[in-house]
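Examining the three-dimensional arrangement
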Amino acid sequence: MKIIAISTAFFAVAVLGTGCVSNKKFAALQGNYGELQNDYKALTDKYNDCQREMSGSSTRVRSLEEQIASQRAGLRSLQEALDKCLNSSSQGNVNISKLVDEINASNRYIQQLVNSKNKSDSLNMVLTNNLTRSLSREEMRDVDVQVLKGVVYISLSDNMLYKSGSYEISPAAGETLSKIAKIIKDYRDYDVLIEGNTDNVPINKPNIRNNWDLSTLRASSVVQSLQNNYGVDPKRLTAGGRGEYNPIASNDTPEGKTRNRRTQIIITPKLDQFMELIDKAPESAEPAPGAQPAQPAEPQTQG
């Protein structure tokens, strides 16, 4: 633009320096000069526009550079987070592996418990079948035989055995005791405990001090009946009384008192016989006809 202005000035000086010119030539020169002025103005406007565009481009470039820097910082943060995640995942895989091992160990232990329970249930079934094989289906209705942890419980209500408040065996109990004697004599090497139990009502008899005495006397009566009337070896028999302190029901109701007044005959195999039965116990056993299934709770007798 400076070149154009200088050229214009030299042109004017040259014209003036050559002397006068015709009006026609002057008008032409004036026209050329106006065109040059217009070109100059247009070029100046373009220059200013370019300057403004360059300034805006610089601003956009700075903004893009800032965005790039921000994105790079975010990328570094993501990379660091990814690295941490990979490290945590590796540690998590170790923890999961340990957890799987613990779960597998627990499953094996549970399976052992299940197998032990099946073995115990089978043993209980073998004992029940063996001890009740001499009884018919009809006889089993009068005798409650249960097996719990290898021990045989035969429970009889006091209403069946004794008169109220007495320890003398009633005549009606003879048939039942004969069935019990069959079971006991069938396994002559087993120990037998006769255990008397009462409710919590105090006894009022001149020759009986309390329920301890009553429960023990009743157990002793059963022992002597088994010995004297049914030929059970007395060396195998033990009489014991637990008074009112081993209830299986609440003493707050007549029904509960009736259930608590009971005599239990407990038949326990010796250790060598017990181990022999364990060896003979099958993986599963079907109950024999008339046999009562093994119960998971303490034996109870309906009074």
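Residues numbered from 1 in each chain as written. Predicted model: local features only at pLDDT ≥ 70, side-chain atom pairs only at ≥ 80, totals over all residues. Heavy atoms only, no water.

Examining the packing of helix α5 (residues 174-186) against helix α6 (residues 211-230)
Relative orientation and spacing of two packed helices are given, respectively, by the angle between their axes and the distance between those axes. One way to put it is that α5 packs onto α6 with a least axis distance of 10 Å and a crossing angle of 80°. Judged by the angle between their axes, α5 and α6 are roughly perpendicular. Here G174, L177, S178, A181, I184 and K185 of α5 lie close against α6, whose contacting residues are V222, S225, L226 and Y230. Looking at the contact of α5 with α6 residue by residue, the class counts come to 6 nonpolar, 3 polar and 1 charged. (Axes fitted to C-alpha atoms, helices over the stretch in contact; angles between N-to-C directions. Helix = DSSP H or I, 4+ residues; strand = E, 2+ residues; numbered from the N terminus. Parallel < 35°, antiparallel > 145°, perpendicular 65-115°, else oblique. Contact = heavy atoms within 4.5 Å. Nonpolar A, V, L, I, M, F, W, Y, C, P; charged D, E, K, R; others polar.)

A short note on the sheet that holds strand β4 (residues 237-241)
Pairing is mixed across the open sheet formed by 5 strands, whose spatial order is β1-β2-β5-β3-β4. Each edge of the sheet is formed by a strand with only one pairing partner; in this case those strands are β1 (144-148) and β4. Neighbour to neighbour, the strand axes of the sheet diverge by 20° on average, direction disregarded. In this sheet, strand β5 (residues 262-268) lies alongside strand β3 (residues 191-197) in antiparallel orientation, the contact comprising 7 bridges. In the sheet register, L193 faces β5, and the bridge partner there is I266. Across the face of the sheet, α5 comes into contact with β1, β2 (151-157), β3 and β5 while running at roughly 175° to β2. Each of β3, β4 and β5 touches α6; the most contacted strand, β4, lies at about 160° to it. (Pairing = 2+ DSSP bridges.)

Section: α6
For α6, which comprises 20 residues, the first-to-last C-alpha distance of 27 Å matches the rise-based estimate of 28 Å (1.5 Å per residue) to within 8%. Every buried residue of α6 is listed here: N211, D213, L214, S215, R218, A219, S221, V222, V223, S225 and L226. Positive phi shows up at G231, right after α6, with a value of about 70°. (Expected span 1.5 Å × (residues − 1). Buried < 20%, exposed > 50% of the residue type's maximum accessible area, 1.4 Å probe, protein only.)

Quick word on the pairing of β2
β2 sits mainly inside the fold: 7 of its 7 residues count as buried. Alternating residues of β2 divide into V151, Y153, S155 and S157 and V152, I154 and L156, and every residue in both groups is buried. When β2 meets β5, the two strands line up antiparallel, connected through 6 bridges. Its bridge partner being in β5, I154 is matched across the sheet by I265.

Overview of α5
Over its 13 residues, α5 runs 18 Å from end to end, which matches the ideal 18 Å to within 8%, given 1.5 Å per residue. Among all positions of α5, only T176, L177, K179, I180, A181, I183 and I184 are buried.

Quick word on the pattern of salt bridges
For the structure on display, the rule yields 5 salt bridges. Where R218 meets D158, a salt bridge forms, and the shortest distance between an N and an O atom there is 2.4 Å. Of the two residues, R218 sits in helix α6 while D158 sits in helix α4 (residues 158-161), which places them 60 residues apart along the sequence. Each member of the pair R218 and D158 is classed as buried. For R261, the salt bridge is made with D199, and the minimal N-O distance between the two is 2.7 Å. Taken together, the residues span a long stretch of sequence, with R261 in the loop between α7 (254-260) and β5 and D199 in the loop between β3 and α6 at a distance of 62 residues. Taking relative accessible area as the criterion, R261 reaches 23% and is therefore assigned partly exposed. (Salt bridge = Lys/Arg side-chain N within 4 Å of Asp/Glu carboxyl O.)

Overview of the confidence of the model for the chain
With 69% of its residues at a pLDDT of 70 or more, the chain has an overall mean of 76. Here residues 284-303 is a poorly scored stretch, pLDDT under 50, and it has 51 contacts once near neighbours within four places are set aside; other chains count. (pLDDT = per-residue confidence, 0-100.)

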